[in-house]
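# Commentary on secondary and tertiary structure
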Amino acid sequence: MSDPAEPLAGPMVQVRGLTRTYGTDATAVPALRDVSFDVAPGEMVAVVGRSGSGKTTLLNLLGGLDRPDSGSVRIDGSEVTTLDEDGLSALRRDSVSYVFQTFGLIPALTAAENVGVPLRLRRTPVADREKRVELLLDLVGLRDHAGQRPGELSGGQQQRVAIARALAGSPRLLLADEPTGQLDTETGLAVMSLLRAVVESEGVTAVVATHDAVLMALADRVLAISDGRVGG
Amino acid sequence: MRRRFPRAHAATVGGRWRADWPLLLLTGLVVALTVGLAAAVDPVTERAADRAIAAAVHDAGASGAVVATLPAWYDDPRGKTRDPSTAVQVRQDADYARQALPAGLDAVLRPGVAWVTTPTLQVRQVGPTKLLQLAFVDTAGEAPAVTYDEGGPPRAVPRRALGLVEVALSQTVADALELEAGDRRTVQDEQGRSAKLRVSGVFTPGDPDAEAWDVSARLLHPVQGTADGLPYTSAAALVSAGSLADLRLVLPADDLTRRVSFRPDPSRVRWLAARSLEREIVSLQASASLSRGDVAWDSLLGSTLERARADIASARGRADVLLIGLLAATLLVLVLAAQLLVLRRRDPLTMARQRGASLASIGLELLVEGLTVAVLGAVVGLGAVVLVTGSAGWAWAVPVAVVAALASPVLGASWADVWAGARRVPANRSARRTATRTRLLRRLAVETAVLLVAALSFSALLQRGVAGDGAAGGDVTAASAPTWWAVAGALVLLRVLPVPVRWALRATRRSPGGVGFFVAARIGEAGARALPVLVVVVAVAGITLGASLAESDRAGQTSAALSSVGGDARIDADPQADLAQLAEDAEDEPGVDAAAAARVEDGARLSSGGASQAVRLVVVDAGDYAALLAASNLADAPQLGRLDAADGDEVPALLVGGDSVLRDTASLRWEDTSVPIDVVGTAPDVDASAAPVLVVDTDSFAAAGAVALPDTLWVVGTGTDAALDRIASRVDGVDSVVRLSDELEARRTAPLPSALIDLAVASSVLLLVLGILGLLLSAAAQAPERARSLGRLRALGLPQGEVRRVLVGELAVPVAVAALAGWLLGVACSYAMLGSLTAGSPTDVEVSWWTIGVVPILVVAAVAVAVLEWRRIRRRPLSQLLRT
């Protein structure tokens, strides 16, 4: 695990000429077309655009969930597109984490256990894991709900657990795909504010896909994406 | 407003059919297979039942005949003249009796054998007592086929010799009585009325097994014995149509018994007609009596048929037990298939509902498809059965076809409503709590109902057994008890499973690694689904019970065969002292562990006070017999040691069965003498006798002045067959050598047991297939959700190898637990119910422990499914998995 306080020389995310097309020939649908951009360490970038504009595809390629047709993605200087399955697993375990629109919590586990999942994957000693989980639940304001299962929590609380889980492994890059998509506006704003706060406190770089204009204000930079191309 | 009737959209139905044809084909195959098996049961069991009835009637032999006793001739004693038409009258009497038979009986009986017999007459001569019965036998106007070695057939005597009767003797009878053609003797009855006989010839029977000789066994097989210490020979002589008129003239009418015997043709007796035949026999016996000058009827055919029918009903009941288990597993698999079908169509069904399609039209479209598959599957199954057996049973096929047709429309309409959001979760917390409580109460009500039905069916099984009233089918309620137990057990398992899952979660919570923890979490999340658990539990319990039932039946056959033979082999012979020597010789043969010679006499009268009962008397050397029992698998009888200690004049004896009064001092009638008996203990059962068995020691019996020459030799040991081949020829008059292996083979290949074991094997194989199919279908139904969930873990960094291990654990552990629970339930059902199910005694219950092997088979199948699923998941991009 790298030290979040350690200064980095280059960009945290470097994307060059990224292209991804679904289908072939007549049915081919270009999702991303020659996309290039950088994200600086500790920066929070909002990727905005309409449905089908390529936001999710971009996040998937950044996190190694999908492979591009061409182009490169560098995370903290390491090329992602050439990594094999084990390398990608290691990347997701150690450097990149996700916050899903549908939270993605494990229903049989308590909030604390869900937050501890990335630490288990890294085989963190039990004592350290418990300490970190407690810290994160405190950070997202769910210390009193540590023993509750996702079914016993509201949507906003579940997403806060998901954010805590995403931060548990101290990732360098946090990817959030429509993290407020399942929440009402007020809860969504609260969650986004929390995300902003914890990203700052943990020193994490974040790329957040959203189509909610209100949430863009919380980002350091907005990356507009339309028809697979990145604008201003 | 005009009411719109639901309509099925043909293009939608066709499109879905094309998209899901493998699953629909699988459903059709399950329907065809199960309907085929269920439909085959009726014709196959009917045939087996017909063969069993035929075998029972065949085995009953002469005792299964319907016998008419005709009133005595009225001959004026003052003016008695020779009536040359006597034989014709006998034939006419037979025809008359035949016409009196009810139509059902008439159809199954062979032509009658008419006969006229005298009582046993004593031959007046110096020397050992010789007894002779005279018999005229007529089979459809013909005398029994014989070849005369000396002289010729009896003829009517000329007028000048009136008072003389010509008779013919079989060669064995002539030798035993020391008579030859031309010899004359005087015989007299108990009243001293005499007749003069002349031996016209000595014959050899054309067919010693012909029905005509059943009239009197002594026509071919004279009996020799001792009475009051004196030897005697008892035999019978044949009277011809010509000499019958002379016999009628010589002996008074009350000395002549006229009977007609109709033996059933086993191939014509049908199981379904057996009950009506029994009623006809009862009605025939009640309709007339000799005292009223009518024909009197007598037959044991009714009780033979009743016993056979009871055996068939019991076998059908046991078949029902297997079928109900199979049917339950099939129905569950069909529901699982329908569930998978509907889940695969979740998006279009949801969309259709959201766009305003009525539930009826959604259901109708699925019904068209389900009905087509069910009907096609049923037609294929039934058609195959009709082609092979010529007919098919419908009863069991109907529920399979109905569930196959209705499961997907019912599930589809119901789930489409939920998925479309029509049944939203109430926003109000109190309403949510009420909804939760309602769900819990509904589940509790279902569970209570199942437990109640399981208890009631078990009670019915214990009280009534599975045979029912002996009509066409068994008692379905009782026969369903094992399946209800399995279902109830599965529900209990579903209730308790969360406890060990929580325990496993707690146990792995503090481990640094993740696989065990994630497996427990995934099982807690999705593993304990009701239908797959039910299918596996019911299938494995059914396999275990079916195998145990077959094994117990085989054990019952083994012990019954051993009890019937009395050892590894038995020689039945004429009573003779040589058998005792043969027993000693047999014991010296290699491979023979023990041998005992005995006299086994059925129908000996044992009396005490006012009670009297026919018993099977066994006179045997107590020491030899105890050694024989000890060397064999027959139950030991330590009380045999008490038979040596004679107390006074009474012969110590062991008795099993019979009236309790007989357990005191009793008296045994043996060859015109009375032997005082002191019952000192309980006898071992001999030859699975239905009658009480009395065992006495040879020496004690002889000391009381009774002589019983042995007629039976039992031999035990691995070398028995070879020993008997060498020594059996050393004695004459051997009637039969009965070997345990032959007896066992006969019982194993008997129609009912073999059909039942075939069914047990077939249903076990099908249950295993259904268990694996259920596992596959449930795995397929949950695969998208599992892929999504595992995809999230992969997105969090779970390596591929660990994904595979989590997947294997998630699929294999619930299967292992359910299969193990099913096996335990099967074992419990076997112990609790086989006593009421098996044909043998409750002590023959054998649990098939080897069926535990089904558990690893299912687990391996689950692991294979998991590995295949993992390979499929691995090939798909993670982004796609998370999107599904």
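Take the domain arrangement of chain B next. Residues and elements named next belong to chain B. Here the domain parsing of chain B yields domain 1 (1-64 + 313-424), domain 2 (66-263), domain 3 (484-563 + 748-884) and domain 4 (575-732). Put simply, the middle of domain 1 and the middle of domain 3, counted by C-alpha atoms, are 23 Å apart. Taken residue by residue, the interface counts 28 residues in domain 1 and 30 residues in domain 3. Summed over both sides, the interface of domain 1 with domain 3 buries roughly 2600 Å², with 88% coming from carbon and sulfur. It is R318, L322 and L336 that lose the most area in domain 1 upon contact with domain 3, and together they represent 27% of the buried surface on that side. Between domain 1 and domain 3 we count 1 salt bridge in total. Between D553 and R318 there is a salt bridge, with its nearest N and O atoms 2.6 Å apart. Summed over the shared surface of domain 1 and domain 3, the number is 1 residue pair in polar contact (both at pLDDT 80 or more).

In this section: a nonpolar patch on the surface. All names here are of chain B. Among the surface-exposed residues, W394, V398, V402, L406 and V410 lie close enough to one another that they form a single nonpolar patch of about 480 Å² accessible area. In this fold, V402 is placed in helix α11 (residues 397-419). V402 sits in the partly exposed class, given a relative accessible area of 40%.

Across the boundary between the two partners, chain A contributes 26 residues, which contact 27 residues of chain B. Of all residues in chain A, the largest losses of buried area upon contact with chain B belong to L65(A), R120(A) and L121(A), amounting jointly to 23% of the total for that side. Our count for the contact surface shared by chain A and chain B stands at 3 salt bridges. Across the pair E85(A) and R794(B) runs a salt bridge, and its minimum N-O distance is 3.5 Å. Linking chain A to chain B there are 10 residue pairs in polar contact (both at pLDDT 80 or more). Only α2 (85-94), α3 (111-121) and α4 (126-139) of chain A provide two or more residues apiece to the side of chain A that touches chain B. Class assignment for the residues of the side of chain A that touches chain B results in 11 nonpolar, 5 polar and 10 charged.

Further remarks concern the side chain of T483(B). Residues and elements named next belong to chain B. Looking at the element boundaries, T483 is found in helix α14 (residues 481-496). For T483, a relative accessible area of 10% puts it in the buried group. Contact partners of T483, with chain neighbours within four places excluded, come to V321, I324, G325 and A328.

Residue and element names in this part refer to chain A. In this sheet, strand β9 (residues 221-226) lies alongside strand β3 (residues 44-48) in parallel orientation, the contact comprising 4 bridges. Each bridged residue has a counterpart across the sheet, and for A46 the counterpart in β9 is V222. Two elements, β9 and strand β10 (residues 229-230), share 2 bridges in a ladder whose sense is antiparallel. When the sheet's bridge partners are listed, I225 is paired in β10 with V230. Hairpin connection from β9 to β10: 2 residues lie between these consecutive antiparallel strands, with D227 at a positive phi of about 50 degrees.

Rules behind the numbers
- Along every chain, residues carry numbers that run from 1 in the direction the sequence is written.
- Written order decides the labels, with chains lettered from A and ligands numbered from 1.
- In keeping with the model being predicted, local features are shown solely for residues with a pLDDT of at least 70 and side-chain atom pairs are shown and tallied solely at 80 or more, while totals for entire chains, interfaces and linings include all residues.
- The basis for every side-chain value is the complete set of heavy atoms in the structure, and neither hydrogens nor water enter the calculation.
- Source of the domain bounds: an automatic or database domain assignment.
- Whether two residues are in contact is decided by their heavy atoms: any pair within 4.5 Å suffices.
- Summed over both partners, the accessible area (1.4 Å probe) lost when two parts come together is defined as the buried area.
- A carboxyl oxygen of Asp or Glu within 4 Å of a side-chain nitrogen of Lys or Arg is what we treat as a salt bridge.
- The definition of a polar contact used here is a pair of N or O atoms within 3.5 Å, where within protein one atom must be able to donate a hydrogen and the other to accept one, and adjacent residues in sequence count solely through side-chain atom pairs.
- A patch consists of residues exposed above 30% relative accessible area that lack any salt bridge, with like charges linked at up to 9 Å and nonpolar side chains (Val, Leu, Ile, Met, Phe, Trp, Tyr) linked at up to 5 Å.
- The Shrake-Rupley method, run with a 1.4 Å probe, gives the accessible areas here. Residue values count only the displayed protein chains as cover.
- For the purposes of this entry, the term helix denotes a DSSP run of H or I that reaches at least four residues, the term strand denotes a run of E that reaches at least two, and both are numbered from the N terminus.
- Throughout, exposure labels follow a simple rule: accessible area from a 1.4 Å probe, protein chains only, divided by the maximum for the residue type, with under 20% read as buried, over 50% as exposed, and the rest as partly exposed.
- Residue polarity follows a fixed list, in which Ala, Val, Leu, Ile, Met, Phe, Trp, Tyr, Cys and Pro are nonpolar, Asp, Glu, Lys and Arg are charged, and the others, Gly among them, are polar.
- Strands are treated as partners if at least two bridges between them are detected by DSSP.

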